[in-house]
Amino acid sequence: MSRIVYVNGEFLPEEEAKVSIFDRGFLMADGVYEVTSVLDGKLVDYDGHLTRLERSLAELDMPEPDGMDALLEIHRELVSRNNLKEGCVYLQITRGPADRDFLYPETPKPTLVLFTLAMTLRRSPKAEKGLRVISIDDLRWGRRDIKTVQLLYPSMGKMMAKHAGADDAWMVENGHVTEGTSNNAYIVTQDGTIVTRQLSHDILHGITRAAVLRFAREAQIKVEERPFTLDEAKAASEAFITSATTFVTGVVEIDGVQLGDGTPGPVSRRLREIYLEEAAKQAV
Ligand code: PLP
């Protein structure tokens, strides 16, 4: 049975789903997206993803597509039609088809696409082993807080990591780590403080980040939101990343330098546990 996807008002087998070659998402990367994880057939942190999606649209002056008021139902219908228990729902909105022009079309007809991806999230082997990351220059544009589909540089970063025999890359700008190619980056100092870059245009405002920092503070773990250097990271007692599909995952090596005993550290393991428990409880 083929996967059922959603395109502009219709649920269709993926082979039948079509978007115009003139779509500005295709021609200009003029689009935004969200990834919402699914645990036990339920959506994790749905409201957070919806709020960020609305913000991304507003920042780009992109109108809301038809179907926006039924997004939760569309997500649920897709999860149900594909019998998805664990994985994610990918959603993309573009400014839609228009004659190729740098200027936005005057009467845009935005495209709305959603599809599911089955994935093993809870018992991920990567989370059990921990990640090895390399550092690369952050060569992305200056509005990384908007979740756009311009993912070529993060894609190149993941390829650089793969060629170096690592799992992912952390990006560095002016000597400080911004974030991972598809996740937020954290270190835990030798005195047990979590350090992660503060929110600004420099990084994506992770929905998982917001939840994890709240849980950390509730667990009386000290949190500092500030930039940190690569040297600080290499001298840290542990490090980790967060994102919708990796939750909290330990980083065990940075540029070949092992952290701690080379396995995910206690703070990241504890936060992963708390996050998983709370995420499952609050999923809709
Ligand atoms: N930073 C970047 C660059 C990302 O692409 C992502 C997720 O795709 C994140 C951070 C984590 O965001 P979230 O926790 O909302 O998935």
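Note that the structure is a prediction, hence the values are computed from the model and not measured.

### Structural notes on the site of the ligand
With respect to spatial proximity, 18 residues lie near the ligand, and among them Arg 52, Lys 147, Glu 179, Ile 207 and Thr 208 are the closest. In this structure, an oxygen atom belonging to the ligand sits 2.8 Å away from a side-chain N or O atom of Arg 52. Ala 244 has a polar backbone atom sitting 2.8 Å from an oxygen atom of the ligand. Taking 390 Å² as the accessible area of the ligand by itself, protein coverage stands at 92%. Contributions of two or more residues to the shell around the ligand are made by helix H2 (46–59), strand S9 (176–180), helix H6 (207–218) and strand S13 (238–243). Taken together, the residues of the shell around the ligand sort by class into four nonpolar, ten polar and four charged. Counting residues domain by domain, the shell around the ligand receives three or more from each of domain 1 (4–118) and domain 2 (125–282).

### Section: the domain arrangement of the chain
Domain boundaries assigned for the chain yield domain 1 (4–118) and domain 2 (125–282). Every contact between the two is made by 20 residues of domain 1 and, on the other side, 19 residues of domain 2. Summing both partners gives a buried area of about 1800 Å² for domain 1 against domain 2, and 64% of it is carried by carbon and sulfur. Inspection of the region where domain 1 meets domain 2 yields two salt bridges.

### Here's the deal with a nonpolar patch on the surface
Together, Ile 21, Phe 22, Phe 26 and Leu 27 line one region of the surface with nonpolar side chains, adding up to about 430 Å² of accessible area. Relative to the assigned elements, Phe 22 resides in the loop between strand S2 (10–13) and helix H1 (24–28).

### Describing the packing of aromatic side chains
A full pass over the atoms with the stated rule returns seven aromatic pairs. Between Tyr 6 and Phe 11, the aromatic rings sit 5.1 Å apart at their centres with planes inclined by 70°, giving edge-to-face as the arrangement. Take Tyr 6: its relative accessible area is 5%, and that puts it in the buried class. The class of Phe 11 is partly exposed, set by a relative accessible area of 25%. For the pair Trp 170 and Phe 228, a centre-to-centre distance of 6.0 Å together with 65° between the ring planes defines the contact as edge-to-face. Residue Trp 170 is found in strand S8 (residues 168–173), and its partner Phe 228 is found in the loop between strand S12 (223–225) and helix H7 (230–234); the two are separated by 58 residues along the sequence. Across the pair, Phe 228 and Trp 170 agree in class, each one buried. Ring-pair connections join several aromatic residues into one group, and the members of that group are Tyr 33, Tyr 90 and Phe 115.

### A short note on the packing of H6 against helix H8 (residues 266–282)
One can describe the packing of H6 onto H8 by two numbers: an axis separation of 10 Å at closest approach and a directional angle of 115°. By the angle class used here, H6 and H8 are roughly perpendicular. With respect to the hand of their crossing, H6 and H8 are arranged in right-handed fashion. Within the contact between the two elements, H6 uses Thr 208, Ala 211, Val 212, Arg 214, Phe 215 and Ala 216 and H8 uses Leu 271, Ile 274, Tyr 275, Glu 278 and Gln 282.

### What about the sheet that holds strand S5 (residues 87–94)?
Across the sheet, which stays open at both edges, the six strands sit in the order S2-S1-S6-S5-S3-S4 with antiparallel pairing between neighbours. Both outer strands of the open sheet, S2 and strand S4 (42–43), are each paired with one neighbouring strand and no more. Sheet analysis places S5 next to strand S6 (residues 111–118), joined by eight bridges and oriented antiparallel. Within S6, the position partnered with Gln 92 by the bridge is Val 113. Its contacts with the sheet place H2 against strand S3 (31–39), S4 and S5, and it is angled at close to 180° to S3. Each of strand S1 (4–7), S2, S3, S4, S5 and S6 is contacted by helix H3 (residues 71–81), which is oriented at about 35° to S6, the strand it contacts most.

### Focus: the nonpolar core
Leu 39, Ile 194, Ile 221, Phe 240, Leu 271 and Tyr 275 are the most contacted members of the largest nonpolar core, which has 23 residues in total. Going through the elements one at a time, strand S10 (184–188), H6, strand S14 (247–254) and H8 are the ones with two or more residues in this core. The contacts of Ile 221, once residues within four sequence positions are left out, are Gly 192, Ile 194, Ala 216, Val 267, Arg 270 and Leu 271.

### Things to note about H8
The terminal C-alpha atoms of H8 lie 24 Å apart, and with 17 residues this matches the ideal 24 Å at 1.5 Å per residue to within 8%. When H8 is considered as a whole, its buried residues turn out to be Val 267, Ser 268, Leu 271, Arg 272, Tyr 275, Leu 276, Glu 278 and Ala 279.

Cut-offs applied
Residues numbered from 1 in each chain as written. Predicted model: local features only at pLDDT ≥ 70, side-chain atom pairs only at ≥ 80, totals over all residues. Heavy atoms only, no water. Near = heavy atom within 4 Å. Polar contact = N/O pair within 3.5 Å; in protein donor to acceptor, adjacent residues only side chain to side chain. Areas by Shrake-Rupley, 256 points an atom, 1.4 Å probe, with all protein chains shown as cover. Helix = DSSP H or I, 4+ residues; strand = E, 2+ residues; numbered from the N terminus. Nonpolar A, V, L, I, M, F, W, Y, C, P; charged D, E, K, R; others polar. Domains from an automatic or database assignment. Contact = heavy atoms within 4.5 Å. Buried area = accessible area lost by both parts, 1.4 Å probe. Salt bridge = Lys/Arg side-chain N within 4 Å of Asp/Glu carboxyl O. Patch = residues over 30% accessible without salt bridge, like charges linked within 9 Å, V, L, I, M, F, W, Y side chains within 5 Å. Phe/Tyr/Trp six-rings, centres within 6.5 Å; stacked < 30°, edge-to-face > 60°. Buried < 20%, exposed > 50% of the residue type's maximum accessible area, 1.4 Å probe, protein only. Axes fitted to C-alpha atoms, helices over the stretch in contact; angles between N-to-C directions. Parallel < 35°, antiparallel > 145°, perpendicular 65-115°, else oblique. Left-handed = near helix turned anticlockwise from the far one by under 90°. Pairing = 2+ DSSP bridges. Core = buried A, V, L, I, M, F, W, Y, C linked by side-chain atoms within 4.5 Å. Expected span 1.5 Å × (residues − 1).

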